[in-house]
Amino acid sequence: MRIFGRKKKAESPELTLVQVQESGKYDFFAALAKALLLFLLVYGALGGFLSAIQLDYNNGLCMLVLFALAFILSAVYETGKKWLTNLVSFLVFVAYLYVAVANYWVINSGYYAVLNRIYEMARLYFRVQTGMEHSLVVEETYVTVTAFVLFFGMVGVILLNIMLQNKSSLLKVVLLTLTPYVVLFYLESSPDLIYMIFLLTGYLTVAILQRGNVREKISRQTRYILPLAAVLAVLLVRLTAFLLPEFIYSNMIPKNAVKEASERQMSRYAQFGLMALFPQGSSGTGVSGGMLSKSSAVIPTYETVLLVRYTPYDLQPVYLKAFTGKDYLGDRWSEAEDEPLETGFKEGRGIMEVEKLDDADRFDYQPYYTDEEMTRTLDNVTYYTYYPAVGDADEVSSQADDAYLYVPVSCKNAVERVCWDAGLWGTGEEIAAQITEYFQDNYSYTLRPGFYFGNPDYITHFLLESKRGYCAHFASAATMLFRQMGIPARYVEGYAFSYYNVVEEGTLVEGAKYSDYYEGYAPIGETALIEMAIPDAYAHAWVEIYVDGKGWIVVDPTPARADGENSMSFWEVFMNGGGEGTNVNIAESNLGAYLETALGGITYVLLGAAALFGIGYGAVYLLRVQREKKLPGRERVQLAYGRLQSYLSRKHRDFRKLRTLREQLQWIKSHSRIEISREQEESLYQVYFAEKADCDCEELCRQLRKMRSALKLLNRS
């Protein structure tokens, strides 16, 4: 037995635990009490989290399995047979590993189902219209979430069982079980009361055990403490609810400056998940001027860039053209000269106001078939007179430049191969329908296409390798496919919004006369002036093809997104308060389904676990440092020398046999290059043996820490 370790503190006289009579009999109720403590902590964390995000799963099955696992571990530990405890722990681990491997995709889908629900809640909280959505390999959410709870519940039971057996502090238990609630607190979502009582009961039990300085037979003490803690937890919750009702509590809590500062980043996370934390691999949105980015993701800010005022006239999307690409250069498009579109549409005429909110924006955003002579600009507002594509069109006589038929060598092989695979033939409009269908069936829309390295051609990489991308990928590739088939085509960028967007986001402009903004034929009848706030996320790329007699027409080859067109009449929406079926379903307005690989999911989990571990370890370390600073000088010296003893005992077997301070100091001097002065020796003797230590304890602690660091360096070398 060492005489130089830290002195044991006297037990607090304020709290006396029940004295347990030692006996050789097996204590079933002690094992049951410890199992119940494990269950309350684990299920209070997991069940409370899932109740707050409102996901359905097999609650009864999860409770039964996790309590059974907790009881098995507790019952075996209570036998006191170490070999049996180790054997059962090993078997539990093997069973856990088998469950994880055999049901990997089910658990994986459950994990992503939980993430999808959190993203949905965050979008509602931040009022974001579109955002992140993971695709699920197994779509039966009830089954997958149940598997997820069982999987992580088993992890929690095993970890907490080890922590309680090693007398872990309340802080470590709280860090493990309360961490999932951080997201809920941020989004102001509340778990069911029963789960909070579970957690509070567990915390009170651990706190009493820790305060009572219980070192042995924790389970036997728990059988007496747990019922008391449960009663205290219920009374505490009821008393708090009585003295501080929810509405009073909400009014008392001030605005959190830290939370307000983080809301912008958190709203981006709600849209794009962890990719929002790595903006180096992403590009912004808005009109790029023909630049084709190799970045791994496009992350819009959803800030308004344009205000558009016009009268809706049909159910087709509205395209505001800003940039026309002519020559494909591998990583960008050259800009075509200003070529006003000749139109044969004369049955309707409208006026559209486009207000730019960014003075530095060099582009003009004009609707199709604009009358250039009637266009005028005042400050940042441009007034366009245009002829929408409604009714029958007269034949036009314009011609297309031969440059719009050129396919560069860099992508020609890929383009020829896809034209053959897709079986393209017919007129320009027939081929347009074939290309759109081929992309819909064989390619995926995503704002996260991933990096590609080296110097592969942008279009070649998309058509033959990745087969996933956003509008710029589809429009660039489609332009070359049309050209290969002998149809003049050009790449276009601008902003686009649908009738669905108008219904859900547009606002009526009061006092404006319909006849001042539109006259003539409109397929949906007379409407009214609408103002649309256009965010950068509405930036889009499409194709124009030339058709003899019709001129340049719009073809949008990008696969349809999850948001559908709203076919309700204009006045049903704007005059009847929206009517039935007009509520925005966030899940229906997603930007796309993001296919996450299993490796990516595991990486995210490991990164999150590592971050939580780092935060927890840092917090525990800081608390330990602060606690040690409050100790008397002699105790700090003994603690520092005890750590030096422990380090040398682990590294050198012969050091463990030394029992006196003199022998240990002599060993250090003879087995290392560390010099220990006579003054340091005398100071240590005073600390351990004198009634009063007449030395600088703070300086002695510093020297001992320095000595331990020097010994570590010597051992490494």
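Right above here is the structure, for reference.
A few points on the structure. Just so you know, these numbers come straight off a predicted model, no measurement behind them. (Residues numbered from 1 in each chain as written. Predicted model: local features only at pLDDT ≥ 70, side-chain atom pairs only at ≥ 80, totals over all residues. Heavy atoms only, no water.)

Judged by side-chain polarity, Trp 83, Leu 87, Phe 90, Leu 91, Phe 93, Val 94, Leu 97 and Val 101 come together as a nonpolar surface patch covering roughly 840 Å² of accessible area. Looking at the secondary structure, you find Val 101 in helix α3 (residues 82–102). (Patch = residues over 30% accessible without salt bridge, like charges linked within 9 Å, V, L, I, M, F, W, Y side chains within 5 Å. Areas by Shrake-Rupley, 256 points an atom, 1.4 Å probe, with all protein chains shown as cover. Salt bridge = Lys/Arg side-chain N within 4 Å of Asp/Glu carboxyl O. Helix = DSSP H or I, 4+ residues; strand = E, 2+ residues; numbered from the N terminus.)

If you check helix α15 (residues 471–484), its first and last C-alpha atoms are 20 Å apart, about what 14 residues at 1.5 Å a residue would give, namely 20 Å. In terms of residue burial, α15 counts as a mostly covered element, since 13 of its 14 residues are buried. A positive phi of about 80° marks Gly 486, the residue just after α15. (Expected span 1.5 Å × (residues − 1). Buried < 20%, exposed > 50% of the residue type's maximum accessible area, 1.4 Å probe, protein only.)

Bringing the pairing of strand β12 (residues 489–497) into the picture now. Among the nine residues in β12, nine count as buried, and that is most of the element. The pairing of β12 with strand β16 (residues 539–547) spans seven bridges and is antiparallel. Bridged to Ala 489 within β16 is Ile 545. (Pairing = 2+ DSSP bridges.)

At a minimum axis distance of 9 Å, the contact between helix α6 (residues 170–178) and helix α8 (residues 193–211) shows a crossing angle of 160°. Taken as axis vectors, α6 and α8 run roughly antiparallel relative to one another. Viewed along their axes, α6 and α8 form a crossing whose handedness is right-handed. Where α6 abuts α8, its residues Leu 170, Val 173, Val 174, Thr 177 and Leu 178 lie against Leu 199, Tyr 203, Val 206, Ala 207 and Gln 210. When the residues that make up the contact of α6 with α8 are grouped by side-chain class, the tally is eight nonpolar, two polar and no charged. (Axes fitted to C-alpha atoms, helices over the stretch in contact; angles between N-to-C directions. Parallel < 35°, antiparallel > 145°, perpendicular 65-115°, else oblique. Left-handed = near helix turned anticlockwise from the far one by under 90°. Contact = heavy atoms within 4.5 Å. Nonpolar A, V, L, I, M, F, W, Y, C, P; charged D, E, K, R; others polar.)

Another aspect to go through is the pattern of salt bridges. Enumeration according to the criterion identifies 15 salt bridges in this entry. In this structure, Glu 355 and Arg 309 form a salt bridge, with 3.3 Å as the shortest nitrogen-oxygen distance. On the criterion of sequence distance, the pair formed by Glu 355 in strand β6 (residues 348–356) and Arg 309 in strand β3 (residues 304–310) is long-range, its members being 46 residues apart. With a relative accessible area of 21%, Glu 355 lands in the partly exposed category. Of the charged contacts, one joins Glu 544 and Arg 490 as a salt bridge, the two residues approaching to 2.6 Å between their closest N and O atoms. Taken together, the positions of Glu 544 in strand β16 and Arg 490 in strand β12 put the pair 54 residues apart, joining distant regions of the chain. Owing to a relative accessible area of 1%, Arg 490 belongs among the buried residues under this scheme. One continuous salt-bridge network, built from bridges that share partners, spans Arg 309, Glu 353, Glu 355 and Glu 531.

Now for the packing of aromatic side chains. For the structure on display, the rule yields 30 aromatic pairs. An aromatic cluster of at least three residues, connected via ring pairs, comprises Tyr 310, Tyr 313, Tyr 386, Phe 497, Tyr 514 and Tyr 518. Positioned above the aromatic ring of Tyr 404 is the side chain of Lys 326, whose terminal nitrogen or guanidinium carbon lies 5.8 Å from the ring centre. (Phe/Tyr/Trp six-rings, centres within 6.5 Å; stacked < 30°, edge-to-face > 60°. Lys NZ or Arg CZ within 6 Å of the ring centre and 35° of its normal.)

Where a protein is soluble and globular, its nonpolar side chains tend to be buried together. Counting residues in each nonpolar core, the largest one holds 82 residues, and the members touching the most others are Val 308, Phe 439, Leu 463, Phe 482 and Phe 497. Of the residues forming this core, the biggest block, nine residues, is contributed by α15. In terms of nonpolar packing, the next biggest core, distinct from the first, is built from 58 residues, Ala 35, Tyr 181, Leu 184 and Val 206 among them. (Core = buried A, V, L, I, M, F, W, Y, C linked by side-chain atoms within 4.5 Å.)

Notably, Gln 54 is not glycine yet its phi reads approximately 60°, a positive angle. Relative to the assigned elements, Gln 54 resides in the loop between α1 (28–53) and α2 (59–78). Of note, Lys 467 is a non-glycine position whose phi angle comes to about 55°, a positive value.

We now examine the side chain of Thr 460. Along the chain, Thr 460 turns up in helix α14 (residues 458–466). Taking the relative accessible area as the measure of exposure, Thr 460 reaches 17% and is therefore buried. Among the polar contacts listed, one links the side chain of Thr 460 to the backbone oxygen of Ser 410, at a separation of 3.2 Å. (Polar contact = N/O pair within 3.5 Å; in protein donor to acceptor, adjacent residues only side chain to side chain.)

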